[in-house]
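# Coordinate analysis (summary)
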Amino acid sequence: MGLDYFDTDRVSIKRRNRLGLISTAGWLLVFWGVILVTSQVQALQISNKISPRNRERPARNSSDYIVLHTTESSKGSSAIGKLQSRGEAHYMVDTNGHVYRIIDKHRVAFHAGRSMWNGRTNLDRYSIGIEVVGFHNKPITAAQTRALKELLTQLQGIYKIPDERVLTHSMVAYGAPNRWHKKSHRGRKRCGMQFATKSMRSALGLTSAPAYDPDVRAGRLINADPYLAQVLYGSPREQTTAVARYNAADAQTIGKGRSAWDVARDQYNAATTLYTFPDGRKLRGNQIRDWTSIPAGTRVTLSGDSDENPSEGLQVVGTDAPNASGIAGDEVRKSTTIYFMPDGRVMRGDQLTLAQIRALPASTRILVGYIFGGYISKNRSAYDICGAKWKHPSTYYKFPDGSIRTGNQINENSIPQKTLVLFSN
Ligand SMILES: [Zn+2]
C-alpha cells in the first residue's frame, strides 16, 4: 500500500488555518497524495495508529533528513502506545515488518528532541522520524530490514532525500551542559546507532553515509563519547570493536571510567531508570541527588517506557547543584542560559556579569540550552515565536502573574498577552 493512502489532511485543514498556514497548500498535498498512491509499489504492510496529537502538528517547511530510532524495547505492542499518545514518530516498524503510521508524514513529529546537524537545530522541523522496534545495539529482524528498506525508498523518493541524509538519532541528538560535561555535547543518545554501521546501511540499500560529525568538527559541540563516534563514523573494524564495548558484560555497571551518564545517557536521572547498589539497595534516577558518590558495581537498568527526549527543564540553584556553574557549566554567560531571578525578572546569561551569576542565591531557577523567545502580543502568537514547539512539554511560558506552565499544559486561547516564551534550542 502506498504511503499516502491514509493521510488525514482533509480533517485538519481548519486547524492549520488557525495556525496561520495556507489552506491551498494543504489541498495541493491531498491532490499530490492521490497521484502518488497510484504510482507506488504495493510492498509495505502499513496501517494507521494516528496520534491524537496529529491534528495540532503543523506542516514542515522542508523535509531534508530521515532520522532513524530504536524503541529500546523488544515488543511493538509496548512501544506503540507511548509513540502514539505523544506523537513521537511518523512511523514505527514492528518486529514482523508491519509499519504503523503515527503522524502524517508532512507534519512535525516530536522525535529528535534537542538536536543539531550541520549547524541547524531542532531537527523535528526538517525531518521524518522512524522508530524501529528493538535496541540500538541488537540486530533487527529480517522482516524489519525489508520493511524499513522499502519505507526509506518510498520516503526518499517522495522528498528527494539522498542516502547521506538518512541519519540516526544518535548522530543528531546533543546534550546541554550537565554534571559530567561543561559544554554542549554529542553523545546524549545511542538511539538507532546500528543504522550507522556499514553492514546495516548496505542491507538497507543506503550507498552513502555522513563521513564525520559536522558540528563537532566545526566546534559547535564537543564529542562526549569517542566510542559512539567510532560506531557512527569509523571503519567497519572500529565499528565492530566499539559495538562490542557497549555489549560487554559490565557495560551496564558503574565503575572506573564509567559514570551514570556513560551508562544511561540522558536517562540518568529519569524515574524509569533503576540503580541497584552493591548492597542491594535500589533507587530511581529521580531519587538520586549526589551523583559523585555512587559506588562502583552499581547496576543501571533502563526502561523502554522512558521519555525519548527528556527535557532537563528548570533546575534550581541549591537543589540541583550548589551554584549556577554546576548547572550550566561553561555556558553560564551564554544567551541560551536563562535565569529566573529571585526578584521576578527573567535574564539571559549574556545580560549578567560573572560576579552577578556567582552571587545568585539558592532557589534561582535556570534553563540551559533555551531560546529567549520574547513576549506574546496581539500580533505575535506562541506559534509565531516558536513554531511547532508552542505545545511541546519542553517549552516554558511565564505568565504576567508570574506563574509558569509548560507547552503541554496550555491551549491556544488561554495565553495572555505579555506572556514570556522560552523554548529549547
Ligand atoms: Zn531516538
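Residues numbered from 1 in each chain as written. Predicted model: local features only at pLDDT ≥ 70, side-chain atom pairs only at ≥ 80, totals over all residues. Heavy atoms only, no water.

### Observations regarding the environment of Tyr375
As a reminder, the rule being used: The secondary structure listing takes helices from DSSP runs of H or I that are at least 4 residues long and strands from runs of E that are at least 2 residues long, numbered from the N terminus. Here, residues are in contact when the closest pair of their heavy atoms is within 4.5 Å.
Within the fold, Tyr375 resides in strand β19 (residues 370-375). Put simply, Tyr375 and Ser78 are 297 residues apart on the chain and 40 Å apart in space, counted from C-alpha to C-alpha. The residues contacting Tyr375, other than those within four sequence positions of it, are Arg380, Ile385, Lys418, Thr419 and Leu420.

### Considerations on the coordination of the zinc ion
Rules: A 2.8 Å cut-off from the metal defines N, O and S donors, relaxed to 3.2 Å for Na, K and Ca; water is not in the atom list, so some sites may appear incomplete. Think of it in three bands: with a 1.4 Å probe and only protein chains considered, a residue is buried below 20% of the maximum accessible area for its type, exposed above 50%, and partly exposed in between.
All of the protein donors around the zinc ion are His69 (ND1), His169 (ND1), Cys191 (SG), Glu308 (OE) and Glu308 (OE); their distances to the metal are 2.1 to 2.7 Å. Positions of the donor residues of the zinc ion along the chain correspond to the pattern H-x99-H-x21-C-x116-E. Here His69 is found in strand β2 (residues 65-70), whereas its partner Glu308 is found in the loop between β14 (299-301) and β15 (315-316), with 239 residues between them in sequence. Glu308 shares its class with His69; the two are buried.

### Points about the confidence of the model for the chain
If pLDDT is low for a region, its predicted coordinates should not be looked at in detail. What counts here: Per-residue confidence from the prediction method is given by pLDDT, with values spanning 0 to 100.
Of all residues in the chain, 90% have pLDDT values of 70 or greater, and the mean over the chain is 89. Confidence drops under pLDDT 50 across residues 37-42; counting only partners more than four residues distant or on other chains, this segment forms eleven contacts.

### Focus: the side chain of His111
Following the sequence through the fold, His111 ends up in the loop between β4 (99-101) and β5 (116-117). A relative accessible area of 0% places His111 in the buried class. Not counting residues up to four positions away in its chain, the partners in contact with His111 are Val67, His69, Glu88, Ala89, His90, Asp124, Ser127, Ile128, Gly129, His169, Glu308 and Asn309.

### Concerning the pattern of salt bridges
Cut-off, in case you're wondering: By salt bridge we mean one thing: a side-chain nitrogen of Lys or Arg within 4 Å of a carboxyl oxygen of Asp or Glu.
Inspection of the entire model under this criterion finds 19 salt bridges. The residue Asp213 makes a salt bridge to Arg186 at a minimum N-O spacing of 2.7 Å. Note that Asp213 is positioned in the loop between α6 (198-203) and α7 (214-217) and Arg186 in strand β10 (residues 185-186), a separation of 27 residues in sequence. The pair Asp213 / Arg186 is uniform in exposure class, with both members buried. Of the charged contacts in the structure, one is a salt bridge between Arg281 and Asp279, with a shortest N-O distance of 3.4 Å. According to the relative accessible area criterion, Arg281 is partly exposed, its value standing at 45%. Taken together, the shared-partner salt bridges connect Lys82, Arg86, Glu88 and Asp307 into one network.

### Notes on helix α8 (residues 226-233)
Selection rule: The directions considered for the arc are those from the helix axis to the C-beta atoms. Polar contact criterion, stated in full: a pair of N or O atoms within 3.5 Å, where within protein one must be able to donate a hydrogen and the other to accept it, and residues adjacent in sequence count only if both atoms are side-chain atoms.
Where α8 is concerned, the buried positions are Leu228, Val231, Leu232 and Tyr233. An end-on view of α8 places all buried positions within 165° of arc, on one side of the element. If you follow the buried residues of α8, they end up packed against β5, β8 (166-168), α5 (169-172) and α9 (236-247). A distance of 3.0 Å separates the backbone nitrogen of Tyr227 from a side-chain oxygen at the start of α8, and that oxygen is part of Asp225.

### Topic: the nonpolar core
Counted only if it meets this: To qualify as a nonpolar core, a set must consist of buried Ala, Val, Leu, Ile, Met, Phe, Trp, Tyr and Cys residues joined through side-chain atoms within 4.5 Å.
Ranked by internal contacts, the top residues of the largest apolar core, which has 22 residues, are Ile130, Leu148 and Leu152. Among the elements that line this core, the one with the most residues is helix α4 (residues 142-159), at five residues. Apart from residues no more than four positions distant in its own chain, Leu148 is found in contact with Leu68, Val93, Ile130, Val132, Phe195 and Leu204. Leu123, Tyr126, Met171 and Val243 belong to the second-largest nonpolar core, a separate cluster that totals 18 residues.

### A few points about the packing of α8 against α9
In a pair of packed helices, the angle between the axes and the distance between the axes together describe the arrangement. Here is the rule we go by: Only the stretch in contact is used when fitting a helix axis, every axis being a line fitted to C-alpha atoms; angles between N-to-C directions are given from 0 to 180 degrees. Roughly parallel here means an angle under 35 degrees, roughly antiparallel means over 145, roughly perpendicular means 65 to 115, and every remaining angle is called oblique. Each crossing gets its handedness from the near helix: less than a right angle anticlockwise from the far helix is left-handed, clockwise is right-handed. For this scheme, ten residues count as nonpolar: Ala, Val, Leu, Ile, Met, Phe, Trp, Tyr, Cys and Pro. Four count as charged, namely Asp, Glu, Lys and Arg, and the remainder, Gly too, count as polar.
Put simply, α8 and α9 touch, their axes get as near as 8 Å, and they point 135° apart. The orientation of α8 relative to α9 falls into the category oblique. Handedness of the α8/α9 crossing: left-handed. Taking contact as the criterion, the partners of Tyr227, Leu228, Gln230, Val231 and Leu232 in α8 are, on α9, Glu238, Gln239, Ala242, Val243, Arg245 and Tyr246. Broken down by class, the residue content of the contact of α8 with α9 amounts to seven nonpolar, two polar and two charged.

### What about the packing of aromatic side chains?
We apply this condition: In this scheme Phe, Tyr and Trp rings, the latter by its six-membered ring, pair at centre separations within 6.5 Å, and the angle between planes marks the pair as stacked below 30 degrees, edge-to-face above 60, and tilted otherwise. Should the NZ of a Lys or the CZ of an Arg lie within 6 Å of a ring centre and within 35 degrees of the ring normal, that charge is described as sitting over the ring.
Scanning all chains against the criterion turns up six aromatic pairs. When the centroid spacing of 5.7 Å and the interplanar angle of 70° are considered together, the rings of Tyr275 and Trp291 count as edge-to-face. Of this pair, Tyr275 sits in strand β12 (residues 274-276) while Trp291 sits in the loop between β13 (282-284) and β14, and the two are 16 residues apart along the sequence. Here Tyr275 matches Trp291 in class, with each residue buried. Centre to centre, the rings of Phe372 and Tyr375 are 6.3 Å apart; their planes meet at 75°, and the pair counts as edge-to-face. Grouped by ring-pair contacts, the aromatic residues Trp180, Tyr268, Tyr275 and Trp291 constitute a single cluster. Above the face of the Tyr159 ring, Arg60 is positioned so that its terminal group lies 5.8 Å from the ring centre.

### Considerations on the sheet that holds β19
Definition in use: Two strands qualify as a pair provided DSSP detects at least 2 bridges between them.
Reading across from one edge, β19-β22-β20-β21 is the order of the four strands in this open sheet, with antiparallel pairing throughout. Only two strands of the sheet have a single neighbouring strand rather than two, namely β19 and β21 (404-406). Neighbour-to-neighbour, the strand axes of the sheet open up by a mean angle of 20°, direction not taken into account. Bridge count for β19 against strand β22 (residues 420-424) is five bridges, and the pairing is antiparallel. Following the sheet pairing, Gly374 is matched in β22 by Val421.

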